[in-house]
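# Chains, contacts and geometry: an overview
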Amino acid sequence: MQSKFGANSTAITEFILLGLVDTPGLQPVVFVVFLFAYLVTVGGNLSILAAILVEPKLHTPMYFFLGNLSVLDVGCITVTVPSMLARLLSHKRTVPYRACLTQLFFFHLLVGVDCFLLTAMAYDRFLAICRPLTYSTQMSQTVQRILVVVSWALAFTNALTHTVAIATLNFCGPNVINHFYCDLPQLFQLSCSSTQLNELLLFAVGFIMAGTPLALIITSYAHVAAAVLRIRSAEGRKKAFSTCGSHLTVVAIFYGSGIFNYMRLGTAKHSDKDKGVGVFNTVINPMLNPIIYSLRNLDVQGALWRVLRGRQSLA
């Protein structure tokens, strides 16, 4: 550690990530499980992306956003899990200060884009069900690209804001993080300086960057539900709701785990529950998304089968 704040305090140049388990005998098990989860997640999401690219039936706005979501899921798990696996192999728990902030930035960047893309997908379902006559013009390819670019721009601003804010804090010891990746709540606990402004910033920006999209999603689906309930045939209502069920499931999991993780900053000590929520955010969510979106979708299942067999659709 290098002296920076005076004779009685030193600046932290690296952090120690304790990881998921302390028992050495369990670490090989954790390595195998998370390596398998990583390979399944990357393979599943890339398969969804390949299916969307090769199947003409899936060249629609909804699947355009789903393809982008698959890329984000691959990125999200890649930001956290490979570095954890490398530490398990090397038995080295330290991570440089700058590498920790870099991981934090990219994690919040990808999660932020995920948040806005889920909102764009809800808006797409609203237009498809409530405005079918103008759907093709209101959700044109230009509009789709604009929504994706704006999502990246807003998420970049959010991630950069939090990273710069955390970089202004002093870390002079201890430097042990009871987690398997670097995130805001754990770093707040280690700061030698006041984190009150940082926590207020997290809540304020979180309300804008997450609360607003959630409100838009709820509003969109309130209109969708009202429109579907006006459909007279039970088969028509079932078909309309089935196109939204997968997305609503992903939204519930995404926001549920996120709220639990970041709304508990007032607790004096973070427990192992935070590790469980972290696993949910970085591993379970990205791994479940391809399953959720393909489980009841015959078009996706057919396209996936053709991808796995190495044949493109003839349609």
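Just so it is clear, the structure is predicted and the values come from calculations on it, not from any experiment. Residues take numbers from 1 onward in each chain, read along the sequence in its written order. Owing to the predicted nature of the model, reporting of local features is limited to residues with pLDDT of at least 70; listing and counting of side-chain atom pairs is limited to 80 or more, with chain, interface and lining totals taken over all residues. The basis for every side-chain value is the complete set of heavy atoms in the structure, and neither hydrogens nor water enter the calculation.

Turning next to the overall build of the protein. Scanning the protein for helices and strands turns up 10 helices and five strands. Relative to the 2.2 N^0.38 estimate, which gives 20 Å for 315 residues, the radius of gyration of the protein is 22 Å and therefore close to what a compact globule would have. Over its C-alpha atoms, taken along the principal directions, the protein stretches across nearly 75 × 40 × 30 Å. Any residue under 20% of the maximum accessible area for its type is buried, any over 50% is exposed, and the rest in between are partly exposed; the area is computed with a 1.4 Å probe on protein chains only. Counting across all 315 residues of the protein, residues that qualify as buried make up 45%. We call two residues in contact whenever any of their non-hydrogen atoms come within 4.5 Å of each other. For the protein, the proportion of contacts with a sequence separation of at least 24, taken over those separated by at least 6, is 77%. For the accessible areas, the method is Shrake-Rupley and the probe is 1.4 Å, while residue cover comes only from the protein chains on display. Element-wise, carbon and sulfur atoms account for 67% of the exposed surface of the protein, whose accessible area totals about 16000 Å². Comment: elements are numbered from the N terminus, with helices defined as DSSP H or I runs of at least four residues and strands as E runs of at least two. Only the C-alpha atoms count toward the radius of gyration. The rule for a globule is 2.2 Å times the residue count to the power 0.38.

Let us now look at the nonpolar core. Core analysis: the biggest nonpolar cluster contains 62 residues, and Phe-34, Leu-66 and Leu-118 have the highest contact counts within it. Those elements that place two or more of their residues in this core are α1 (27-54), α2 (61-90), α3 (97-130), α5 (141-167), α7 (196-229), α8 (234-262), α9 (273-295) and α10 (298-308). Sequence-distant contacts of Phe-34, that is, excluding residues within four places in its chain, are made with Leu-20, Val-81, Met-84, Leu-85, Val-279 and Val-283. The nonpolar core is taken to be a set of buried Ala, Val, Leu, Ile, Met, Phe, Trp, Tyr and Cys residues, with the residues joined through side-chain atoms within 4.5 Å. Formed by 17 residues, the second largest nonpolar core is a distinct cluster that contains Cys-100, Leu-101, Leu-169 and Phe-171.

Further remarks concern the confidence of the model for the protein. Chain-level statistics for the protein give a pLDDT mean of 85 and a share of 90% at 70 or above. When the elements of the protein are averaged for pLDDT, strand β1 (residues 2-3) gives the smallest value, 39, and α5 the largest, 95. Counting contacts from residues 1-9, a segment whose pLDDT is below 50, to residues more than four positions away or on other chains yields 17 contacts. Confidence scores labelled pLDDT are given residue by residue by the predictor and lie between 0 and 100.

Here we come to empty space enclosed by the protein. Using a 1 Å grid laid over the protein atoms alone, points where a 1.4 Å probe fits but cannot get out form a cavity; open sets with protein on both sides within 12 Å along at least 5 of 7 lines form a pocket; any residue with an atom within 4 Å of a point counts as lining. Grid points are joined across faces, edges and corners, and a volume is the space filled by probe spheres set on the points. All told, the structure shown has one cavity of 30 Å³ or more when counted by the stated rule. Taken as a whole, the largest cavity spans an internal volume of roughly 30 Å³. Among the elements of the structure, α5, α6 (184-190) and α7 are those that each provide at least two residues to the lining of the largest cavity. For this classification, Asp, Glu, Lys and Arg are treated as charged, while Ala, Val, Leu, Ile, Met, Phe, Trp, Tyr, Cys and Pro are nonpolar and the rest, including Gly, are polar. For the lining of the largest cavity, the residue count by class is six nonpolar, two polar and no charged.

On to the sheet that holds strand β3 (residues 14-17). Between any two strands, pairing holds if DSSP finds at least two bridges. The three strands lie next to each other as β4-β3-β5, forming an open sheet whose pairing is mixed. Every interior strand has two partners, whereas the edge strands, β4 (94-96) and β5 (176-177), have only one. By the bridge criterion, three bridges tie β3 to β4 in an arrangement that is antiparallel. Looking at β4, one finds that Glu-14 is bridged to Pro-96. Against the sheet, α3 makes contact with β3, β4 and β5, and its axis sits at roughly 80° relative to β4, the strand it touches most. To get an axis, fit a line to the C-alpha atoms, keeping to the stretch in contact for a helix; angles then go from 0 to 180 degrees between the N-to-C directions.

Pairs of cysteine sulfur atoms within 2.5 Å are identified as disulfides in what follows. In the structure shown here, the tally under the stated rule is two disulfides. Look at the protein and number its bonded cysteines as they come in the sequence; the links are 1-3, 2-4. No disulfide involves Cys-76; its nearest neighbouring cysteine sulfur is the one of Cys-115, lying 13 Å away. Exposure remark for Cys-76: the relative accessible area of 8% places this residue in the buried category. The cysteine Cys-244 is free of any disulfide, with Cys-130 supplying the nearest cysteine sulfur at 8.9 Å.

Once that is clear, we can look at the packing of aromatic side chains. The relative placement of two aromatic rings is captured by the distance of their centres and the angle of their planes. Note on aromatic contacts: the rings of Phe and Tyr and the six-membered ring of Trp form a pair at centre separations within 6.5 Å, being stacked when their planes are under 30 degrees apart, edge-to-face when over 60 apart, and tilted otherwise. Taken as a whole and judged by the stated rule, the model has 10 aromatic pairs. With a centroid separation of 5.3 Å and 80° between ring planes, the pair formed by Phe-254 and Tyr-255 is classed as edge-to-face. Assessed through its relative accessible area of 15%, Phe-254 is described here as buried. Taken together, Phe-15, Tyr-97 and Phe-171 form an aromatic cluster joined through their ring pairs.

All right, on to α7 then. To estimate how far a helix should extend, the number of its residues minus one is multiplied by 1.5 Å. Helix length check: α7 (34 residues) gives 47 Å between terminal C-alpha atoms against 50 Å at 1.5 Å per residue, within 8%. The largest bend in α7 is about 35°, located at Phe-207. Burial in α7 covers these residues: Asn-198, Leu-202, Val-205, Met-209, Pro-213, Ile-217, Ser-220, Tyr-221, Val-224, Ala-227 and Val-228. At every residue, the bend is computed as the angle between two fitted axes, covering the seven residues ending there and the seven beginning there respectively.

Any Lys or Arg side-chain nitrogen located within 4 Å of an Asp or Glu carboxyl oxygen qualifies as a salt bridge. Going through the model one piece at a time under the given rule, you end up with one salt bridge. One salt bridge in this structure joins Asp-124 and Arg-125, with 2.9 Å as the shortest N-O distance. Residue classification places Arg-125 among the buried residues on the basis of a relative accessible area of 11%.

The next subject is a nonpolar patch on the surface. Here, patches come from residues exposed beyond 30% relative accessible area and free of salt bridges, joined within 9 Å for like charges and within 5 Å for nonpolar side chains (Val, Leu, Ile, Met, Phe, Trp, Tyr). Judged by side-chain polarity, Leu-26, Val-29 and Val-33 come together as a nonpolar surface patch covering roughly 250 Å² of accessible area. Take Leu-26: it is sitting in the loop between β3 and α1.

So, on to the side chain of Thr-195. Mapped onto the secondary structure, Thr-195 falls in the loop between α6 and α7. Setting aside its immediate chain neighbours within four residues, Thr-195 contacts Leu-169 and Phe-188.

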